[in-house]
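Structure assessment
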Amino acid sequence: MKGIILVTGATAGFGEAIAKKFAAAGYHLIITGRREERLEALQTALEQAHNIKVLPLVFDVRSKEAVNVTFENLPEAWRKIDVLVNNAGLALDLSTIDEGNSDDWDTMIDTNVKGLLYVSKAVIPFLKAQGKGHIINIGSTAAKNVYLKGNVYCATKHAVDALSQAMRIDLLPYNIKVTAIHPGAAETEFSVVRFKGDQAAADNVYKGFEPLHAEDIADVTFYVSQLPAHVCINDLVITPTAQANAIYTHKVL
Ligand code: NDP
Ligand code: 8X3
């Protein structure tokens, strides 16, 4: 048995792939998201395939109260968390700042920034109690460059970048590693969510090149979590080979 990993947003995409990767390596999992049936299906599949236990926790990361109640009531046996992956997040729409929808802005800020903070605040005491831990925040290439019509999503991911740096400083006394992983374009449910169910618009994002796959990010997440106690990868940007950064892809050349 390797330990316990908590992954937010495990009902799809990176989070689901990360859960599968760590389950295969023998970790027990705490998996979270709003879609209960998906969490339960993943729990069943992973417990059957591997000799591990999975605890599904259904809550919306935007609700401070739900986050706090969930972790205040976390069973004792699940409190020895080794790795927290703050992955739950989303983009909504691509619009210039003058045309953007302020409800979408609220959702992105509440999920990507405030949700990450609420979960971290609730979980850090468990890491401190263990005298060690690792927080892995999923940022984005949008944390490093701002692109046309990406305004608020990019701002939320810049905030994740800043908060990752801040956590690394503030948690130094507690032997807690903090790593930010910044993926480029990856074909998950991300674009279907961004374009509010418009599958054709989502598919168009990945036309003409091979995007990252969720498993690529799971592999990298696993790698950074396996380094010796004295080694911490702080910040890691990973893109498809066809993408140089958040702005320059093969399409603009
Ligand atoms: P998906 O849409 O495939 O998965 C998003 C996950 O986040 C789902 O499990 C969803 O669960 C969860 N989630 C979203 N909102 C909430 C909420 N309010 N409360 C709880 N859980 C929530 O997208 P990805 O896997 O691609 O995205 C994961 C992270 O990676 C995000 O932070 C995204 O910004 C980032 N990212 C994605 C990239 C990409 O190109 N795909 C590139 C760079 C970064 P549920 O709906 O069940 O609540
Ligand atoms: C997701 C990748 O390029 O849509 O963070 O911002 S991008």
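Note: the structure precedes this text.
Residues numbered from 1 in each chain as written. Chains lettered and ligands numbered in written order. Predicted model: local features only at pLDDT ≥ 70, side-chain atom pairs only at ≥ 80, totals over all residues.

Let's shift gears to the environment of K121. The topology assignment puts K121 in helix α4 (residues 102–130). Judged by the 13 C-beta atoms lying within 10 Å of it, K121 is partly exposed. Sequence separation between K121 and F71 is 50 residues, and the spatial gap between their C-alpha atoms is 10.0 Å. (Helix = DSSP H or I, 4+ residues; strand = E, 2+ residues; numbered from the N terminus. Buried ≥ 20, exposed ≤ 12 C-beta atoms within 10 Å, placed from the backbone.)

Of all six residues in strand β2 (residues 28–33), six are buried, a share of seventy percent or more. Burial along β2 is two-sided: H28, I30 and T32 and L29, I31 and G33, pointing in opposite directions, are all buried. As paired strands, strand β1 (residues 4–7) and β2 are joined by four bridges and run parallel to one another. Bridge pairing in β2 places L6 opposite I30. Between the parallel pair β1 and β2, the chain is carried across by helix α1 (residues 13–24), and the sense of this crossover is right-handed. Across five bridges, the pairing between β2 and strand β3 (residues 54–58) is parallel. Paired with L29 across the bridge in β3 is V54. As a crossover connection, the stretch from β2 through helix α2 (residues 36–49) into β3 is right-handed. (Pairing = 2+ DSSP bridges. Right-handed = clockwise from strand over helix to strand, strands pointing away.)

Once that is clear, we can look at the site of ligand 2. Around ligand 2, the structure places A91, S140, T141, A142, G150, A185 and A246. The residue makeup of the shell around ligand 2, split by class, is four nonpolar, three polar and no charged. (Near = placed C-beta within 6 Å. Nonpolar A, V, L, I, M, F, W, Y, C, P; charged D, E, K, R; others polar.)

Turning next to α2. Working note: α-helix, 3.6 residues per turn, so residues spaced by three or four point in the same direction. Here α2 spans 20 Å end to end across 14 residues, near enough to the 20 Å set by a 1.5 Å rise per residue. Those residues of α2 that fall on the buried side of the exposure criterion are L39, L42 and L46. Projected down its long axis, α2 shows its buried positions confined to an angular sector of 65°, all on one face. Opposite the buried face of α2, by more than 90 degrees, sit the exposed residues E36, E37, T44 and Q48. In this structure, the buried residues of α2 make contact with α1, β2 and β3. (Expected span 1.5 Å × (residues − 1). Arc of directions from axis to C-beta. Contact = placed C-beta atoms within 7 Å.)

Moving on: the site of ligand 1. Neighbouring ligand 1 are 28 residues, the closest being G9, G13, G33, R34 and G89. It is α1 that provides the largest number of residues to the shell around ligand 1, a total of three residues. Taken together, the residues of the shell around ligand 1 sort by class into twelve nonpolar, eleven polar and five charged.

What follows concerns the packing of α4 against helix α5 (residues 151–170). Close contact between α4 and α5 brings their axes to 9 Å; oriented N to C, the two are set at 15°. Judged by the inter-axis angle, α4 sits roughly parallel to α5. Read as a crossing pair, α4 and α5 show a hand that is right-handed. Contacts between α4 and α5 involve W105, M108, I109, N112, V113, L116 and S120 from the former and V152, Y153, T156, K157, A159, V160, L163 and M167 from the latter. Its residues assigned to classes, the contact of α4 with α5 comprises eleven nonpolar, three polar and one charged. (Axes fitted to C-alpha atoms, helices over the stretch in contact; angles between N-to-C directions. Parallel < 35°, antiparallel > 145°, perpendicular 65-115°, else oblique. Left-handed = near helix turned anticlockwise from the far one by under 90°.)

Read from one edge to the other, the open sheet built from seven strands follows the order β3-β2-β1-β4-β5-β6-β7, with strand pairing classed as parallel. The open sheet has two edge strands with one neighbour each: β3 and β7 (235–238). Looking at each pair of strands side by side, their axes are set apart by 15° on average, direction ignored. Relative to strand β4 (residues 81–86), α4 is tilted by about 165°, and along the sheet it contacts β1, β4, β5 (133–138) and β6 (176–183). Sitting on the sheet, α5 touches β5 and β6, and the angle it makes with β6 is about 165°.

Next up on the list: the environment of G115. Position of G115 among the secondary structure elements: in helix α4. Classification of G115 as buried rests on a count of 24 C-beta atoms within 10 Å. In this structure, the C-alpha to C-alpha distance between G115 and R168, residues 53 residues apart in sequence, is 18 Å. Those residues in contact with G115, other than ones at most four positions away along the chain, are V61, R62, A88 and D110.

No statement about biological role is implied by the geometric values presented.
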